[in-house]
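Working through the structure, step by step
These are the residues of each chain, in order.
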Amino acid sequence: MTGYDAIVVGGGFAGLSGAVRLARNGARVLVLEARVRLGGRATALQDGATGELVDNGQHVLLGCYTETRAFLREIGSEEYLPLPSGLAATMIDRAGRRSRIECPALPPPLHLVAGVFDWDALTWKDRWSVLRMAGPLRTARRQREGDNRRLAASPDETVENWLIRNGQTKRLREMLWHPLALAALNQTPAEAAAPSFARVLAEMFGDDPKAAAVALPTRPLNLMYAEPAREYIERRGGTVRTGAAARIHLAKGAATAEVACGTDRWRADAVVAAVPWFALPDTFDGQVDSLEPIISAARNTAPSPIVTVNLWFDRPILDEPFLGLPGRTMQWAFDKRLAWGAMASYLSMVSSGASAVLRRTNPELVQTALTELVDAVPSARPARLLHASVVREPRATFSLAPGQPPRPPVRTPVGGLFLAGDWIDTGLPATIEGAVRSGHSAAEAAFHS
């Protein structure tokens, strides 16, 4: 079968953003997704007991996710991701003290300094220590712009060691830097390598005060981007198939790769493999020698898990869409009722970098979430739990620990074959923004090849 200009294998953020960019550039695109639903590791499932849609893990987006917003704008979904004016979060420490950091609309990095200096959760020693991050952040921003004469952080250094070396107090690390690192890297600061975190901070605290704002989707992920992307592609003559496990066959001497799905076969000028790193080795067959370094890197890349506990109560619990719970197993609480309106009535308690709790039983995880919620929000104590569910994503992201294999670029040694995914070398950790940037880069590389 022919008739497609480009074939995209994988229907998550990377694959769909790449397919949309290709379609915008005039290509007729075929998207093949192995699962029965679009979205990959960023989708929504229906809860069996309540019938409500439940994201397979809470995904937080930031104001610096410029390519993600461009993608949503293209498919008509930007309204589902409202952007606050700057970084603002309510945090409840382990002693139960509630406080709020708000960064005012000042030129960066003054907005961060002002927010920290006005944060009553900190002592003056903690507040003054943030000034020692000015130099590392300046270097990280220069690195992001291509100036590599100085490194903001060593590849062999963990986030925790980097923060200590740069004079950040224990209290400021626990209240600010650790929550940001866990949310962005999905790995504990004691494990993750510092350069990825330095890059995130360079993006967050760059030229725009809004870049550090926390943005929460107002729709389940499949409705926010996956289905609108499908409609966009199909309106432009493309096809999106789910439940379509595909393999990419590389034949010696062939000008283009062949994509197979069941008894169907296609060839196209451009093929984009937008599958997770752990699925990549099984995506290719035939003459794969030229891809062996990439396949080997994928096989040897370790995962990092996320665990989410969803709780349904007989009454509202939170008075704002999310709370930070630093120093706990469940580091964040999200009220989906306040985020989605009538579409939801539950809380999500999230444990990022969850290797230590991944194998706990569901009852144990639910009890941990309940205990930590009541400890942080005592008004939740009288509430009656109606239902709970646990979502485990053992391979939610790839590990950022020092010594992990190199991440590949979007271009491969095979003509017409491109890669996309959050694990591609975008400079970012495994984020939605990294996935979308890779998808856009793969599409542009295909268009100009």
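Preceding this section is the structure that the text describes.
First, a word on scope: everything that follows refers to the structure included in this document. Since we're looking at a predicted model, the values are computed, not measured. (Residues numbered from 1 in each chain as written. Predicted model: local features only at pLDDT ≥ 70, side-chain atom pairs only at ≥ 80, totals over all residues. Heavy atoms only, no water.)

This part covers the overall build of the protein. Looking only at helices and strands, one finds 13 helices and 20 strands in the protein. Seen through its C-alpha atoms, the protein measures out along the principal axes to roughly 65 × 55 × 40 Å. Partitioning the intrachain contacts of the protein with sequence separation of at least 6 by distance along the chain shows that 68% fall at a separation of at least 24. Of the roughly 18,200 Å² of accessible surface on the protein, 50% is carried by carbon and sulfur atoms. (Helix = DSSP H or I, 4+ residues; strand = E, 2+ residues; numbered from the N terminus. Contact = heavy atoms within 4.5 Å. Areas by Shrake-Rupley, 256 points an atom, 1.4 Å probe, with all protein chains shown as cover.)

The next subject is the side chain of His59. With respect to the secondary-structure elements, His59 resides in the loop between β4 (53–55) and β5 (61–62). Looking at His59, the relative accessible area reads 19%, which means it is buried. In this structure the side chain of His59 is engaged in a polar contact, spanning 3.4 Å, whose partner is the backbone oxygen of Arg41. If near-sequence neighbours (up to four positions away) are discounted, His59 is found in contact with Arg41, Ala42, Pro217, Leu221 and Ile432. (Buried < 20%, exposed > 50% of the residue type's maximum accessible area, 1.4 Å probe, protein only. Polar contact = N/O pair within 3.5 Å; in protein donor to acceptor, adjacent residues only side chain to side chain.)

This paragraph deals with unusual backbone geometry. The linkage connecting Pro108 with the following residue, Pro109, adopts the cis geometry, with an omega of 0 degrees. Within the fold, Pro109 resides in the loop between β7 (98–102) and α3 (110–117). Positive phi, close to 50 degrees, is recorded for Asn186, a residue that is not glycine. The residue Asn186 is located in the loop between α7 (170–185) and α8 (194–204) in this model.

Moving on, we get to the sheet that holds strand β20 (residues 417–419). Taken in spatial order, the 5 strands of this open sheet run β9-β2-β1-β13-β20, and their pairing is parallel. At either end of the open sheet lies a strand with only one pairing partner, and these are β9 (239–242) and β20. Shown here is a sheet whose adjacent strand axes are inclined to one another by a mean of 15 degrees, direction ignored. Where strand β2 (residues 29–33) lies against β9, 4 bridges are found, and the strand directions are parallel. Looking across to β9, one finds that Val31 is bridged to Val240. (Pairing = 2+ DSSP bridges. Axes fitted to C-alpha atoms, helices over the stretch in contact; angles between N-to-C directions.)

At a closest axis distance of 11 Å, the pairing of helix α1 (residues 13–24) and helix α2 (residues 66–74) adopts a crossing angle of 60 degrees. With respect to α2, the element α1 is oriented oblique. Taken as a pair, α1 and α2 cross one another with a handedness that is left-handed. Across from Phe13, Leu16, Ser17, Val20, Arg21 and Arg24 in α1, the residues of α2 making contact are Glu67, Phe71 and Glu74. Per-class residue counts for the contact of α1 with α2 are 4 nonpolar, 1 polar and 4 charged. (Parallel < 35°, antiparallel > 145°, perpendicular 65-115°, else oblique. Left-handed = near helix turned anticlockwise from the far one by under 90°. Nonpolar A, V, L, I, M, F, W, Y, C, P; charged D, E, K, R; others polar.)

Moving on, we get to empty space enclosed by the protein. In the structure shown here, the tally under the stated rule is 1 cavity of 30 Å³ or more. Estimated volume of the largest cavity: approximately 70 Å³. The set of elements that each furnish at least two residues to the lining of the largest cavity consists of α8 and α13 (432–447). Looking at side-chain class alone, the lining of the largest cavity contains 7 nonpolar, 1 polar and 3 charged residues. (1 Å grid on protein atoms, 1.4 Å probe; cavity = no way out; pocket = protein on both sides within 12 Å on 5 of 7 lines; lining within 4 Å. Points joined across faces, edges and corners; volume = space filled by probe spheres on them.)

So, on to the pairing of β2. β2 sits mainly inside the fold: 5 of its 5 residues count as buried. Across the two faces of β2 the burial is the same, with Val29, Val31 and Glu33 and Leu30 and Leu32 all buried. When strand β1 (residues 6–9) meets β2, the two strands line up parallel, connected through 4 bridges. Note on β2: the bridge partner recorded for Val9 is Leu32.

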